[in-house]
Amino acid sequence: MNLAAMDPKNYDAQLQQKRIKLEQAFADFNPPALEVFASEPMNYRMRAEFRMWHEGDDLYYYMFDKALNAKVRCDQYLPAGVLINQMMAELIVELKPNPALRHRLFQIDFLSTLSGEILVSLLYHRQLDEEWREHATQLKAKLAAKYNVNIIGRARKQKIDLDKDFVVESLTVNQQILQYKQIENSFTQPNAKVSINMLEWAIDATKHSQGDLLELYCGNGNFTIALAQNFNRVLATELAKPSVDAAQYNININNVTNVQIIRMSAEDFSDAMAKKRDFRRLEGIDLDSFDCNTIFVDPPRAGIDPETLKLVQGYERILYISCNPETLKDNLLTLSETHEISRFALFDQFPYTDHMESGVLLVRK
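This text gives an overview of the structure that appears in the document. The structure presented is a predicted model; accordingly, all values stated were derived computationally and were not measured.

A closer look at the overall build of the protein
- Of regular secondary structure, the protein possesses 10 helices and 17 strands.
- Its C-alpha atoms give the protein a radius of gyration of 22 Å, near enough to 21 Å, the size a compact globule of 365 residues would have.
- For the protein, the spread of C-alpha atoms along the three principal axes comes to 65 × 50 × 35 Å.
- Within the protein, buried positions represent 55% of all 365 residues.
- For the protein, the proportion of contacts with a sequence separation of at least 24, taken over those separated by at least 6, is 66%.
- A total of about 17000 Å² of accessible surface is found on the protein, and carbon and sulfur atoms cover 48% of it.
- Of the side chains in the protein, 41 bear a positive and 50 a negative charge, and the two mean positions are spaced by 3 Å.

Right, here's the structure in full:
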């Protein structure tokens, strides 16, 4: 993290640099005009992680600045949401004079929501005991007078939840409120307002769709819930059990009735679709009954593996959200043999960094 680069006055210029870089990188694919979705220039992150520095009686947050090759004290953090910054200040006041809570504390993670909920995870280089639980419970009660807060304690092979280990985010997407269970220590989109842009763009890109949707790498159902309205049915896959559980929870709280979640990797699902082998997890699910003309993929940074890429090519329309332009470009070398880009977007999830989130809609030639 280059903390010195985080200047809201420079935000528009750095976004323009990203726009140019992305347009140049994909020029050979002849995409349409790039749609750009800007972030707020500050207070945009809903989650943040800080290391803790103990110096005599003092205790403070710090981050490592790569540009300076040094740790930098962070009493406040410009990218973090207002709620996180408020909690940072009040929490440190409570922790400093409390040996039971600060002893061997090495990291604090914050997970917040636009809807006003915040989860604080305290990480330790020691095992936590009943004394810790007692003091943490008192801390939560004091903070709860002002905040909708929960506290978690973590140590090696140990996790203590004082109440629950998740928050429920509420996002207003096209005037519709969508709710999402977000679990501590699991992936969530960090920039909630840009996440709303992504959901609205994906809904618009797939409106007037025919048939069903196949979704790979569905996570906690972030896109699944939003896109279900455009299709008769949605068949979604995800491997991580906590994410599958959260996705099922989100389907229920949003009253979505046309989604089927399967706990499988994209690679295994490709084998199942190709009928290479049988899978117990597919018992009772008739894959042939789904009429999927559209496939949606939001893969990890490594992109799509070759076998899954073959599966993806078989669909009329491909909606691809990417957190890594390099692997997207590599995958497009194959996908562009059969498809062409009809929509192209940049979502600035990560201001002041080189990271770019992008989206393409591909249609069969």
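What follows continues from the structure just given.
A few points about the state of the cysteines
- Within the structure shown, the criterion is met by 0 disulfides.
- Cysteine Cys218 remains unbridged, with the sulfur of Cys292 as its closest cysteine sulfur at 14 Å.
- Take Cys218: its relative accessible area is 5%, and that puts it in the buried class.
- With no disulfide of its own, Cys323 lies closest to Cys218 among cysteine sulfurs, the gap being 16 Å.

Points about the packing of helix α9 (residues 306–313) against helix α10 (residues 325–335)
- At a minimum axis distance of 10 Å, the contact between α9 and α10 shows a crossing angle of 55 degrees. On the basis of their axis angle, the class for α9 and α10 is oblique. In terms of crossing hand, the pair formed by α9 and α10 is right-handed. The residues of α10 that touch α9, namely those facing Leu309, Val312 and Gln313, are Asn331, Thr334 and Leu335.
- Here the contact of α9 with α10 is built from residues that sort into 3 nonpolar, 3 polar and no charged.

Focus: the packing of aromatic side chains
- This structure, assessed with the given rule, holds 14 aromatic pairs.
- With centroids separated by 6.1 Å and ring planes inclined at 40 degrees, the aromatic side chains of Phe26 and Phe29 adopt a geometry described as tilted. Judged on exposure class, the residue Phe26 and its partner Phe29 are both buried.
- Centre to centre, the rings of Trp53 and Tyr62 are 5.7 Å apart; their planes meet at 85 degrees, and the pair counts as edge-to-face.
- For Trp53, a relative accessible area of 32% gives the class partly exposed.
- Of the aromatic side chains, those joined through ring pairs into one cluster are Phe50, Tyr61, Tyr77 and Phe110.

Calculation criteria
- Residues numbered from 1 in each chain as written.
- Predicted model: local features only at pLDDT ≥ 70, side-chain atom pairs only at ≥ 80, totals over all residues.
- Heavy atoms only, no water.
- Helix = DSSP H or I, 4+ residues; strand = E, 2+ residues; numbered from the N terminus.
- Rg over C-alpha atoms; globule rule 2.2 N^0.38 Å.
- Buried < 20%, exposed > 50% of the residue type's maximum accessible area, 1.4 Å probe, protein only.
- Contact = heavy atoms within 4.5 Å.
- Areas by Shrake-Rupley, 256 points an atom, 1.4 Å probe, with all protein chains shown as cover.
- Lys, Arg positive; Asp, Glu negative; His and termini not counted.
- Charge placed at Lys NZ, Arg CZ, Asp CG, Glu CD.
- Disulfide = S-S within 2.5 Å.
- Axes fitted to C-alpha atoms, helices over the stretch in contact; angles between N-to-C directions.
- Parallel < 35°, antiparallel > 145°, perpendicular 65-115°, else oblique.
- Left-handed = near helix turned anticlockwise from the far one by under 90°.
- Nonpolar A, V, L, I, M, F, W, Y, C, P; charged D, E, K, R; others polar.
- Phe/Tyr/Trp six-rings, centres within 6.5 Å; stacked < 30°, edge-to-face > 60°.

Limitation: the analysis is restricted to geometry and does not speak to function.
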